[in-house]
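An overview of the molecular structure
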Amino acid sequence: LQLADALWGMWLIVGHITEGKQWLEAALAQSDEALQQGMVTSTHLQARANLLLTLGYSHFHINEHRAALTKLEQAYQLQRELANERGQIDVLIAMGLISRALPEPHKAVPYLEESLTRARAIQYHQGMYRALHFLAGWHLDQGDLARAETLLAQSVPLAREQGDRWSLGFMLLDLARIRLEQGDYTGAEGLYREALVTHTQLGRIFAIQASLVGLACLAIALGKPLERVATLFGAAEAVCNSLGAELDIAATIRDDRYAAYV
């Protein structure tokens, strides 16, 4: 359980999500068998709860949102039984993130607000900045740039302070998107470039792609030569193709104006 859970970050970074999910499920099956045989220890149960959370994320990354929530509900119940407050907060944050992708995205807000309140109560910094970030993302999806920017202004310094460059890279992408929407093209370029460097150093393939697409949209907004736009989108497509996937321009851009231009 612990080994599969620890390796998930590697599978996610290189884009081998289905392979990682298979190993997570294999570990969970062994855990099921052990529980049936009465092998119940606090270490085993905590490792199982952690893996259920990770398995929820793995379902999310391949758009199996209902299955993801089922695993997260199991993880939350187990974390409650173990009286692990941080573990419960982590699961609530995940449930909030996944709920954003469901037909009723407003249901994400209570999960994220509860996780933020509880994280603040115990000064759980990672829980705080992740909840703030996903709340910002929800407001960004609703077109409320001002609220999203306010929340990111709180989350970014916390992530920097904790040295969490993984989370920071995604926050930078959201901030860059806000700057682009606001017409602050200089600010957007600086943020997209920082995000690109951060994700390249971490080897986060899909985030590298998102950074390149962001820079391509910026080039469109600035009226840069077509060759510049094509080069950036071509780089993003090449990154995507390296994983055996195809670049979905419309889904990646999330803005009909730029998608129509492309």
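What counts, and where the lines are drawn
- Residues numbered from 1 in each chain as written.
- Predicted model: local features only at pLDDT ≥ 70, side-chain atom pairs only at ≥ 80, totals over all residues.
- Heavy atoms only, no water.
- Core = buried A, V, L, I, M, F, W, Y, C linked by side-chain atoms within 4.5 Å.
- Buried < 20%, exposed > 50% of the residue type's maximum accessible area, 1.4 Å probe, protein only.
- Helix = DSSP H or I, 4+ residues; strand = E, 2+ residues; numbered from the N terminus.
- Contact = heavy atoms within 4.5 Å.
- 1 Å grid on protein atoms, 1.4 Å probe; cavity = no way out; pocket = protein on both sides within 12 Å on 5 of 7 lines; lining within 4 Å.
- Points joined across faces, edges and corners; volume = space filled by probe spheres on them.
- Nonpolar A, V, L, I, M, F, W, Y, C, P; charged D, E, K, R; others polar.
- pLDDT = per-residue confidence, 0-100.
- Patch = residues over 30% accessible without salt bridge, like charges linked within 9 Å, V, L, I, M, F, W, Y side chains within 5 Å.
- Areas by Shrake-Rupley, 256 points an atom, 1.4 Å probe, with all protein chains shown as cover.
- Salt bridge = Lys/Arg side-chain N within 4 Å of Asp/Glu carboxyl O.
- Expected span 1.5 Å × (residues − 1).
- Axes fitted to C-alpha atoms, helices over the stretch in contact; angles between N-to-C directions.
- Parallel < 35°, antiparallel > 145°, perpendicular 65-115°, else oblique.
- Left-handed = near helix turned anticlockwise from the far one by under 90°.

**Structural notes on the nonpolar core**
Nonpolar side chains in soluble globular proteins tend to be buried together. Leu72, Val91, Leu180, Tyr192 and Leu212 are the most contacted members of the largest nonpolar core, which totals 84 residues. Looking at which element gives the most residues to this core, the answer is helix α11 (residues 205-221), with 10 residues. Excluding residues that lie within four positions of it along the chain, Leu180 makes contacts with Tyr185, Ala188, Tyr192, Cys217, Leu218, Ala221 and Tyr258.

**Description of the layout of surface pockets**
Approximately 190 Å³ is the volume attributed to the second largest pocket. Forming the boundary of the second largest pocket are Leu1, Leu3, Ala4, Leu7, Trp11, Trp23, Ala26, Ala27, Gln30 and Ser31. Each residue belonging to the lining of the second largest pocket can be placed in one class, and the counts come to eight nonpolar, two polar and no charged.

**As for the confidence of the model for the protein**
Confidence along the protein averages 92 in pLDDT terms, with 97% of residues attaining 70 or more. For the protein, the element scoring lowest by mean pLDDT is helix α13 (residues 249-253), at 66; helix α6 (residues 108-121) scores highest, at 97.

**Here we look at the side chain of His139**
Following the sequence through the fold, His139 ends up in helix α7 (residues 125-141). Beyond its immediate stretch of four places on either side in the chain, His139 contacts Asp144, Arg147, Ala148 and Leu151.

**A word on a nonpolar patch on the surface**
A cluster of nonpolar residues, Leu3, Leu7, Met10 and Val14, forms a patch on the protein surface that exposes about 340 Å² of accessible area. Within the secondary structure, Leu7 sits in helix α1 (residues 2-14).

**What about α7?**
Under the 1.5 Å per step criterion, the end-to-end length of α7 is 24 Å for 17 residues, consistent within 8% with the ideal 24 Å. Across the 17 residues that make up α7, a large majority, 14, are buried. Just downstream of α7 lies Gly143, where phi reads positive at about 85 degrees.

**Regarding the packing of α7 against helix α9 (residues 165-182)**
Put simply, α7 and α9 touch, their axes get as near as 11 Å, and they point 25 degrees apart. By the angle between their axes, α7 is roughly parallel relative to α9. In the crossing of α7 with α9, the sense of the turn from one axis to the other is left-handed. Two secondary-structure elements touch here, α7 through Tyr129, Arg130, His133, Leu140 and Asp141 and α9 through Ser167, Phe170, Met171, Asp174, Arg177 and Ile178. Its residues placed into classes, the contact of α7 with α9 shows five nonpolar, two polar and four charged.

**Brief notes about the environment of Glu246**
Note that Glu246 resides in the loop between α12 (226-241) and α13. Since its relative accessible area comes to 73%, Glu246 is described here as exposed. For the pair Glu246 and Gln22, spaced 224 residues apart in sequence, the C-alpha separation works out to 22 Å. For Glu246, the residues in contact, after removing those within four places along its chain, are Cys240 and Asn241.

**Let's talk about the pattern of salt bridges**
One pass over the structure, following the stated rule, counts 11 salt bridges. For Glu114, the salt bridge is made with Arg118, and the minimal N-O distance between the two is 2.8 Å. Of this pair, Glu114 and Arg118 both sit in helix α6, four residues apart, which is roughly one turn of that helix. On the basis of relative accessibility, which here comes to 35%, the residue Glu114 falls in the partly exposed class. Among the salt bridges present, the one from Arg177 reaches Asp141, with a minimum N-O distance of 4.0 Å. Placement of the pair is Arg177 in helix α9 and Asp141 in helix α7, with a sequence separation of 36 residues. Its relative accessible area of 17% is what places Arg177 among the buried residues. Through salt bridges with shared partners, one network takes in Glu85, Glu114 and Arg118.

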